[in-house]
Amino acid sequence: MGSWFSAQKVAGYGVAAIAAVLVLYPVYFLLQAAFDVGDPQIRPPTAYGLDNFSSLLQYPQIMLNTLMVSLAATVMALMFGSLMAWILTRTNVPGRRLFEQLMAVPYYLTPLLGALAWSLLGQPESGFINGIWRAFGGEGHLIDINTPYGIAWVMALFEGSVAFVMIAALMKSMDPSLEEASQVIGASRIRTIMQITLPLVTPGILGAAIFVFAEMLGSFAVALVLGLPTRYYVITTAIYQMIQQYPPKIQVAAAMGASLFAVMWAMLYAYRRVVISGSYVTITGKAFRPRLLDVGRLRYVLLSICLLYLFVAVILPLGTLFFASLQKIAVVFPTAENFTLDNFRTAMAMNAVRSALSNSLLLAFGTATIGIVLMGLLAWLIYRSRLPGSGLIEYIVMFPQAVPRLVFAFGLMWAWVVFPIPIYATLWLLLIAYLTVFLPLGVRTIAGVILQIDKSLEECAQMCGASWAFRARTVTIPLLRPGLVAAWLLLFIASVRELGASILLMGPHSKVITPSIVESWFGTSSELTAALALIQTLVVALAIIVLVVVTRRVGALSVD
Amino acid sequence: MPASPQGSPPSLSTPRPHIEVEGLELYYGSVPAVRGVNFNVMPGEQLTLLGPSGCGKTTTLRAVAGLEQPTAGEIRIDGLPVFSSARKINVRAEKRGLSMVFQSYAIWPHMTVFDNVAYGLQVRKVGGPEIKDKVDRALEMVQMREFGGRRASQLSGGQQQRVALARAFVFQPSVLLFDEPLSNLDAKLRADMRIELRDLQHRLGITSLYVTHDLEEALAMSDRIVVMRDGLVEQTGTPDEIYSLPHSEFVADFIGSANLIRGHHRPDLDCDGLTALETATGQLIYGMAYGRKAGPEMTVSVRTVHLRISQERPAGERNVWPVKIEKTVFQGDFSQIHLYWGDQRLVARCAAMEPIAAGRDVYMAVEPRRVVLLSPGNR
């Protein structure tokens, strides 16, 4: 006779409790610091109040900078995103399939790499583009990347891919018969676009705008690389600066982080509201075969727009870094003796780099392996078990989405400094941080796979008399395996590229690669940094190739 | 007759029900899906839960299977409770010894047809040669023997359906549950599979609980039908009882097409065991109560096929009226005739005949035994 309470439930709530601790413990310490108005040297706090928040008013410039950069980046990202989405999903431009896959490449290149490359290209004095400009007789500089618009440009190129993904999904999921119905009634093409297409996609684009804006508010790497030289701070870089300076302004930084997190949370809440209320666009998950517009000769113009986008977001940055990494002093017109392989030799020989790279790989391996178990169980718990409270668990697990990783890491740092187990400034803390900040990524990826698999496949095994363990071994895990492997690789890649959390949490003996690249940029030469960034990119690229091969296999085994 | 001092002993003539469902309730949060359902399935019987979507039939089936946890009630299999809210018993689905055919077939895509069917035997640790023997025989029964090595993605819908069936009965479960197993097939294949399923169920002699929203399927396949609505049982009976003697307006309307006629009772005109009903416009119709109580206000149900239309006035006094044709719709095997009966519109279904022009005056007749009194208060 079975029992009313199963071991399954106990295990489920156990995993949920771990996730809750991972997420809520650092948030608690972040808030504690934000409201701590006592002596900053004494913990736990001696007095609480709102002074830290009111002192934020002393930094109006930072708020203004943040708003301006985020707004500009959002507008640019939406423009690029909707233009590319329209071209690639609704017109008969040649090579659509290929371009659509290539659209993800800037994102995989990372905003940091984009910022480094565009810094080499667009600095007013030494930038390659300005060098060419002057060589052709121009005066001063053509572009200046160390400005708000330069920062926004790089953010839009390398962090705005999500706008394309969202808008393209929107356009793909729109039933073409909605437009056809309008045309059959006799409306012109323009009228159909104005009165049918646009109103249908508006809520979706508005949702994408809110989502992208929230992401831009929390963006860190680009503003750090391009803003720091001219002391142009946005909120994330300001928080970083306040923690790193001596004496650190922990309490104000905490208040700033808490405010940013509150704003982002509100934005994501608004995003969900917009998406839910504006759901008359049929986002059913059913993919329609969109009707392609025959654009005639215009298709070659559109093709060149696509090529131009890939040029500025992929080819030019990678080429620039490669070009710079092969020189002793990076210039746009180098002489023959300026070329060297020393940067790569130095990079591979430096102890710090080697240990950082191997630390990163080790951490990525650990994060992906532990993460896949933890997040797999959580995804199963949230989307399959129907245990009471699974909605709340989902909420907690998706929580880190609304918190910039830098702010989260700050909370973690503050939490673990006082923790009795000495893991502060070790790789263990980084592991905990990665497992926490990647919870939404991992759970969402695995959930996508779980939801694809018809629930009755598991239930049928149960009806055949199979126990929980037997079912998992013979049905659930074999069906999930390709998806789990893909999720493992995603977590691996995300860990190797992680910057925001790592830069605060790594210790002198637990360096990891991405923050080391930033350190190298500000501490050593840009040529050596270029070599480092390329080495990291190569590692990520290898992982992505494996990922693509694996997902191909998933596609081949797709379940109808 | 001498009264038995111990009361009646456990009856030997009627066997104990195989499945007993008592006071079953199931709430999703505060939303009721099943609101107190009772029924029994006898050994070897095929019982069908029939109703429109959202009536709780699938939820009830899944509760019997153990895939949903009811809020209240008791479910017994072979007399043993597998769920009881009062006794806090909830046997897990895999321990209930049942088997199930799913609406989506649920053929595991990563296994061959053979492995799919063999699964239940492997779970039961049956030896290799015996597995092969039983799987082959099961596949033989569903005419899929030569497909053993194929993968699910290489099968058509009908073939997947057969594999799902073989997989469900290969390990000789005591009960088979069917969750709308034919709803994903096209109409022709569905009609064939219906007969095949019925034959197979008879050959195996297995107790079956079947869920469908398809009336024809239920009438053709079931020993008994439980009609459900809004999480409650509306009527239980043999297909003939359900069809001929609907209990309520809902059943009359849902089970095939019926004309519902409302009016008040004229006890003064009752005669020969017939009940007289007078409509608001003074039309008089005689029907039979079938043991149901006639209130002052009452409703009778007349199947569209039981209304007879003729050009000449038929013999007999009762239940013969002149009517006016509104229109005739040709539907192949039969014609649907819309007509005015006084100022009430009725529908009659006649075997295909010469179309009668709209506006013609003809006669309509119905046998009083076909005019069924519905239970009061059951709308």
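Here, every reference points to the structure presented above.
In what follows, the accompanying structure is described. (Residues numbered from 1 in each chain as written. Chains lettered and ligands numbered in written order. Predicted model: local features only at pLDDT ≥ 70, side-chain atom pairs only at ≥ 80, totals over all residues.)

**A closer look at the overall build of chain A**
So, step 1. In terms of regular secondary structure, chain A is built from 26 helices and zero strands.
So, step 2. Computed over the C-alpha atoms, the radius of gyration of chain A is 25 Å, within 12% of the 24 Å expected from 2.2 N^0.38 for a compact globule of 560 residues.
So, step 3. Burial status across chain A gives 45% buried among its 560 residues.
So, step 4. Contacts in chain A between residues far apart in sequence, at least 24 positions, make up 78% of those at least 6 positions apart. (Helix = DSSP H or I, 4+ residues; strand = E, 2+ residues; numbered from the N terminus. Rg over C-alpha atoms; globule rule 2.2 N^0.38 Å. Buried ≥ 20, exposed ≤ 12 C-beta atoms within 10 Å, placed from the backbone. Contact = placed C-beta atoms within 7 Å.)

**Comments concerning the overall build of chain B**
So, step 1. A tally of regular secondary structure across chain B gives eight helices and 21 strands.
So, step 2. The principal-axis extents of the C-alpha atoms in chain B amount to approximately 75 × 60 × 45 Å.
So, step 3. Evaluated residue by residue, chain B yields a buried proportion of 39% over its 379 residues.
So, step 4. Relative to all contacts within chain B whose residues are 6 or more apart in sequence, the contacts with residues 24 or more apart total 65%.

**With respect to the pairing of strand E19 (residues 344-351) of chain B**
Residue and element names in this part refer to chain B.
So, step 1. As paired strands, strand E18 (residues 334-341) and E19 are joined by eight bridges and run antiparallel to one another. Among the inter-strand pairings, Ile337 is bridged to a residue of E19, identified as Ala348.
So, step 2. Where E18 hands over to E19, the hairpin turn is made up of two residues, of which Gly342 adopts a positive phi near 65°. (Pairing = 2+ DSSP bridges.)

**A word on the nonpolar core**
So, step 1. Ranked by size, the top nonpolar core spans 273 residues in total, and within it Leu116(A), Ile239(A) and Phe410(A) carry the most contacts.
So, step 2. With 15 residues, the top contributor of residues to this core is helix H17 (residues 351-385) of chain A.
So, step 3. Structurally, this core is a two-domain feature, drawing no fewer than three residues from each of domain 1 (19-244) and domain 2 (256-373) of chain B.
So, step 4. The residues touching Ile239(A), leaving out its near neighbours within four places in the chain, are Ala253(A), Met256(A), Gly257(A), Leu406(A), Val407(A) and Phe410(A). (Core = buried A, V, L, I, M, F, W, Y, C linked by C-beta atoms within 7 Å. Domains from an automatic or database assignment.)

**Digging into the sheet that holds strand E12 (residues 258-265) of chain B**
Sheet strands pair by backbone hydrogen bonding; their relative direction is either parallel or antiparallel.
Residues and elements named next belong to chain B.
So, step 1. The strand order across the open sheet formed by five strands is E14-E13-E12-E15-E21, and the pairing between neighbours is antiparallel. Each edge of the open sheet is held by one strand with a lone partner, namely strand E14 (284-287) and strand E21 (372-373).
So, step 2. Where strand E15 (residues 297-303) and E21 come together, two bridges link them in antiparallel fashion. Of the residues in E21, the one forming a bridge with Val300 is Leu373.

**Some remarks on the sheet that holds strand E17 (residues 320-330) of chain B**
All names here are of chain B.
So, step 1. Spatially, E16-E20-E17-E18-E19 is the arrangement adopted by the five strands of the open sheet, whose pairing is antiparallel. The open sheet has two edge strands, strand E16 (308-310) and E19, and neither has a second partner. Strand after strand, the sheet turns through a mean of 45° between neighbouring axes, direction not considered.
So, step 2. Where E17 and strand E20 (residues 361-365) come together, five bridges link them in antiparallel fashion. In the strand pairing of E20, Trp321 is matched with Met364. (Axes fitted to C-alpha atoms, helices over the stretch in contact; angles between N-to-C directions.)

**Quick word on unusual backbone geometry**
Excluding glycine, residues mostly carry a negative phi; peptide bonds, for their part, are mostly trans.
So, step 1. Omega for the peptide link from Tyr246(A) to Pro247(A) comes to -10°, which places this bond in the cis form.
So, step 2. Looking at the secondary structure, you find Pro247(A) in the loop between helix H13 (235-244) and helix H14 (250-277).
So, step 3. The backbone phi angle of Ala106(B) is positive, close to 55°, even though this residue is not glycine.
So, step 4. Checked against the element boundaries, Ala106(B) lands in the loop between strand E7 (98-101) and helix H2 (113-123).

**A closer look at the interface of chain A and chain B**
So, step 1. Each side of the interface is counted separately: chain A has 22 residues, and chain B has 24 residues.
So, step 2. The set of elements that each furnish at least two residues to the side of chain A that touches chain B consists of helix H22 (455-463) and helix H23 (468-497) of chain A.
So, step 3. Examining the composition of the side of chain A that touches chain B, we find that seven residues originate from one element, H22(A), more than from any other.
So, step 4. By residue class, the composition of the side of chain A that touches chain B is 14 nonpolar, five polar and three charged. (Nonpolar A, V, L, I, M, F, W, Y, C, P; charged D, E, K, R; others polar.)

**Focus on the packing of H2(B) against helix H3 (residues 128-141) of chain B**
Residue and element names in this part refer to chain B.
So, step 1. The N-to-C vectors of H2 and H3 enclose an angle of 125°; their axes lie 9 Å apart at closest approach. In this view, H2 runs oblique relative to H3, as classed from their interaxial angle. In the packing of H2 onto H3, the handedness of the crossing is right-handed. Across the interface between the two elements, Phe114, Val117, Ala118, Leu121 and Gln122 of H2 pack against Ile131, Lys134, Val135, Ala138 and Leu139 of H3.
So, step 2. Its residues assigned to classes, the contact of H2 with H3 comprises eight nonpolar, one polar and one charged. (Parallel < 35°, antiparallel > 145°, perpendicular 65-115°, else oblique. Left-handed = near helix turned anticlockwise from the far one by under 90°.)

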